[in-house]
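# Structural description and commentary
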Amino acid sequence: MRGFVRAALNAVRPVDVVPSPNIWHWPDVYEVENRAQDVHGALWSALQSECPFAGLDVVDIGCGDGFHLPLFASSARSVVGVEPHPPLVVRARNRVASLSNVRVVSGPAQRLPLDDGCADLVHARTAYFFGPGCEPGLREADRVLRPGGALAIIDLDGAASPYGPWLCVDEPRYDPAAVEKFFADNGFSLTRVVAEWRFERREDLESVLRIEFSAQVAERAIASVDGLSFPVGYRLHVRRKPTGLIV
């Protein structure tokens, strides 16, 4: 997955934003991808089990064009989407224009334009937090969380077939075990989740795989999938901010 892997590998660079080669360039295809992902709600069930957010204040880092914001807004007290890419900020604001408890702000994960202690849940899904190099974002998330609040990071599981091996073949420098160790060493729990990606049309499936992988890997992936769906493994990493002094 070009966007995921390159962002992971580039996280150590001293830059504010690593451009995403999928949603930044093909937002309409990425919309199709978002609709196809997790058709049974496995990720949402896992997130709500670990971090119930009904009636609470939620921040979604790297919210893209805001696809997940209305889902949070359906039960959260307030939702703030944070996105660094200006065209996606516009798309996200248009998406949530009718929702009174949602706003979208422009900014990077390393410098959230938010007050201290304003959130009960900080969420990021396949955005910025890809392992070593994301420490500035971890510190910012802790800053905006209230005591007892949770930081929930969802990334792709490079060890889960078939998607994980496609990802690792596309970029052999990416080490899923090293990323997993990074989050464990930084105090995160781990929940593995398998979601189903299901498309309405074969051409949609093929278009999505072609924006996620290099040409050679995309064609191999397309050839290996029969029908309109396939499983994708994810990891849900959760860390709570302490409620008192740690002695």
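Per-chain numbering applies: the sequence of each chain, read as written, is numbered from 1 onward. Note on the predicted model: pLDDT of at least 70 is required for a residue's local features to be given, and 80 or more for side-chain atom pairs to be given and counted; whole-chain, interface and lining totals, by contrast, use all residues. Side-chain numbers come from the whole structure's heavy atoms, not from hydrogens or water.

As a further point, take the overall build of the chain. The helix count covers DSSP runs of H or I at least four residues long, the strand count covers runs of E at least two residues long, and both are numbered beginning at the N terminus. Within the chain one finds 10 helices and seven strands. Based on the C-alpha atoms only, the size of the chain along its principal axes is roughly 55 × 40 × 35 Å. Only the protein chains shown count as cover for residues, with accessible areas throughout obtained via the Shrake-Rupley method and a probe of 1.4 Å. Total accessible area on the chain stands at roughly 11,000 Å², and carbon and sulfur atoms take up 53% of it. For this count, His and the chain ends are skipped, Lys and Arg are scored as positive, and Asp and Glu as negative. Here the site of a charge means atom NZ of a Lys, CZ of an Arg, CG of an Asp or CD of a Glu. The centroid of the 26 positive side-chain charges in the chain is displaced by 3 Å from the centroid of its 31 negative side-chain charges.

Attention now goes to the side chain of H237. Here H237 shows up in strand 7 (residues 229–240). For this analysis, a polar contact is any N or O atom pair within 3.5 Å, provided that within protein one partner can donate a hydrogen and the other can accept it, and provided that sequence-adjacent residues contribute only side-chain to side-chain pairs. Here the side chain of H237 touches D155 through a polar contact of 3.1 Å, side chain to side chain. Residues contacting H237, with those up to four places away along its chain left out, are L151, A152, I153, D155, F183, F188, S189 and L190. Only heavy atoms matter for contacts: two residues are in contact if any of them lie within 4.5 Å across the pair.

Quick look at the pairing of strand 5 (residues 145–156) now. Summary of the burial criterion: residues with accessible area below 20% of their type's maximum are buried, those above 50% are exposed, and those between are partly exposed, where the area comes from a 1.4 Å probe applied to protein chains only. Counting buried positions over the 12 residues of strand 5 gives nine, a clear majority of the element. Any two strands with at least two DSSP-identified bridges between them are counted as paired. Of the pairings in the sheet, the one linking strand 4 (residues 119–125) to strand 5 comprises six bridges and is parallel in character. Counted as the bridge partner of L121 is A150 from strand 5.

Here we take up the state of the cysteines. Any cysteine sulfur atom paired with another within 2.5 Å is treated as part of a disulfide. Inspection of the entire model under this criterion finds zero disulfides. A disulfide-free cysteine, C118 has its sulfur positioned 14 Å from the sulfur of C63, the nearest such atom. Looking at C168, it has no disulfide partner, and the nearest cysteine sulfur is the one in C134, 18 Å off.

So, on to the packing of aromatic side chains. Put simply, two rings from Phe, Tyr or Trp (the six-membered ring, in Trp's case) pair if the centres are within 6.5 Å, and we call them stacked under 30 degrees between planes, edge-to-face over 60, tilted for the rest. Counting across every chain of the model gives 14 aromatic pairs. Arranged with centres 4.9 Å apart and planes meeting at 70 degrees, the rings of W44 and F72 form a pair that is edge-to-face. Placement of the pair is W44 in helix 3 (residues 42–50) and F72 in helix 4 (residues 69–73), with a sequence separation of 28 residues. Classification of W44 by relative accessible area gives buried; the value is 14%. Taking the centre distance of 5.6 Å and the plane angle of 70 degrees together, the rings of W166 and F230 count as edge-to-face. Here W166, found in helix 7 (residues 163–170), pairs with F230, found in strand 7; they are 64 residues apart in sequence, far enough to count as distant. Among the aromatic residues, those joined into a ring-pair cluster are Y163, W166, W197, F199, F213 and F230. By the criterion adopted, a ring carries a charge over it if an Arg CZ or a Lys NZ lies within 6 Å of its centre and within 35 degrees of its normal. We note R125 situated over the ring of W44; from NZ or CZ to the ring centre the distance is 4.9 Å.

Everything listed is a geometric property; what it means functionally is a separate question.
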